[in-house]
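# Commentary on secondary and tertiary structure
Listed below are the residues making up each chain.
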Amino acid sequence: MDLKRTTIVSVMLAVAASAIVTAGVESQGRNSRLRFLALGDWGGKSEEPYCTEQQREVAKGMASVAAATLQQQDHSPALREVEFILALGDNFYASGLHADWDYANIRFEKTFERVYHHEELKKPWYIIAGNHDYCGDVTKQLEYAKQESTLWEYPDYSYNIVKEFKAKDGSEVKKVEILMIDTEHIAGYFDCNRDDQDYPEGIKPNLQTKALSFIEDTLNNSSVDYLLVAGHYPVFSACSNGNTDELIQKLDPLLRKYGVTAYISGHEHCQFHYNYENMDYLLTGIGKDCCYGSEEKKNLPDGGELNYLLADDSDYSGSSGVKGGFASFDVGDEDMIARMHIETGETIYETKLLPRTKIKLEETKPTASIKSSGCMR
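The shown structure was predicted, so the numbers you read here are calculated from the model rather than taken from an experiment.

### Remarks on the state of the cysteines
Two cysteines joined by a covalent bond between their sulfur atoms form a disulfide. Evaluated as defined, the whole model comprises three disulfides. Here Cys239 engages in a disulfide with Cys270; their sulfurs sit 2.1 Å apart. On the S-S bond that ties Cys239 to Cys270, the torsion sits near 120 degrees, and the link is right-handed. Of this pair, Cys239 sits in the loop between strand S11 (226–230) and helix H6 (245–250) while Cys270 sits in the loop between strand S12 (262–265) and strand S13 (271–276); the two residues are 31 residues apart in sequence, bridging distant segments of the chain. Overall, the relative accessible area of 0% leaves Cys270 in the buried class. Paired by a disulfide, Cys290 and Cys291 hold their sulfur atoms 1.3 Å apart. A relative accessible area of 11% means that Cys290 is categorised as buried. When the bonded cysteines of the protein are numbered from the N-terminus onward, they pair as 1-2, 3-4, 5-6.

Next comes the structure, spelled out in structure tokens:
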């Protein structure tokens, strides 16, 4: 696909906190690119079979994208297999995990292990909590990560990951850092017993201060080539829940101050890419179903670019024809390609993001390219 720097108009596909914990720096050997997936709002349901059919279809699509592909001529890798997966919260619908470990173990088995059983997905899963997880006991998810046999990586409510890969010419090591942050600690919680609440509340100041201090300290000390922040709540959203005011006020200034490459989130059961004042916001929250409506598009800040939006015309109307989806990231020394996929694994959108050093040199941010084929249902 041609990824020239051309301006693409906004598209809506009517188709169809914590102590600092670093997951150790990992070298990718002679790989010249690093690949990983991101999945939001994937956590099945609270009764048998504890998963959704759409979730299973998304898992199959993830496995197809995660696999390495080979060049036809010399059988050398065209795409490396993915190295890890980001789970962006709402890991257990509808009310998280309870104090009973018998129930928790059933959910880990039937919502997570049996659904994502594919060999291509047996990679580290880096976890953060979502608002539905806070309807239950999040410490159960933290404790599960301590088991030696699990792929579930959740060392603290907020933590950072540093990954390495070799530059294409093998001359130097490039680094990607991802801050996995607990946005509920910053922006508050939803009352799981209320149907009329459409924004978080109940902020705990001590948790907010701790989370924001971790974020600023980590961003300030980072000198990596690509710096990502991933949380459950979005900063900006075109879909049903809309923008998160507390993140706009408290988190967004830090993203800008320290030159973050992009902010990745879930929470909204839709997908989008929004660029506002040279900051990129990527959202994928359709791990178990799709889609919310896009009525909050009107409340995005003036002057931003809505490069991509996958949503129904109203909540779960089915107008998009999409059952679910996820995102993938393909990182090299010259660029990071972010792709949005639907449940089959088909790519329906991609955009190019530049390393931080290159952005400073060119004093610009990337624009987007779009692929849309075979998605008309």
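### Structural notes on helix H1 (residues 53–66)
In this model, H1 (14 residues) spans 20 Å end to end at C-alpha, consistent with the 20 Å of a helix rising 1.5 Å per residue. Of the positions making up H1, those classed as buried are Gln55, Val58, Ala59, Gly61, Met62, Ala63, Val65 and Ala66. Where H1 is buried, its residues touch strand S3 (33–39), strand S6 (84–87), helix H2 (101–113), strand S7 (125–127), strand S16 (325–332) and strand S17 (336–342).

### Thoughts on the pattern of salt bridges
Counted under the stated rule, the structure contains 16 salt bridges. Between Lys323 and Glu57 there is a salt bridge, with its nearest N and O atoms 3.3 Å apart. Here Lys323 is found in the loop between strand S15 (305–310) and S16, whereas its partner Glu57 is found in helix H1, with 266 residues between them in sequence. Of the charged contacts, one joins Asp330 and Arg339 as a salt bridge, the two residues approaching to 3.8 Å between their closest N and O atoms. Taking relative accessible area as the criterion, Asp330 reaches 5% and is therefore assigned buried. It is possible to trace a salt-bridge network through shared partners that takes in Arg33, Asp330, Asp335, Arg339 and Glu350.

### Examining the pairing of strand S9 (residues 159–166)
Among the eight residues of S9, seven are classified as buried, and the element is accordingly described as predominantly covered. Sheet analysis places S9 next to strand S10 (residues 173–180), joined by eight bridges and oriented antiparallel. Note that in S10 the partner of Lys163 across the bridge is Val176. A loop of six residues connects S9 with S10, the two strands running antiparallel in sequence, and Gly170 in this loop sits at a positive phi of about 75 degrees.

Parameters at a glance
- Residues numbered from 1 in each chain as written.
- Predicted model: local features only at pLDDT ≥ 70, side-chain atom pairs only at ≥ 80, totals over all residues.
- Heavy atoms only, no water.
- Disulfide = S-S within 2.5 Å.
- Helix = DSSP H or I, 4+ residues; strand = E, 2+ residues; numbered from the N terminus.
- Buried < 20%, exposed > 50% of the residue type's maximum accessible area, 1.4 Å probe, protein only.
- Expected span 1.5 Å × (residues − 1).
- Contact = heavy atoms within 4.5 Å.
- Salt bridge = Lys/Arg side-chain N within 4 Å of Asp/Glu carboxyl O.
- Pairing = 2+ DSSP bridges.

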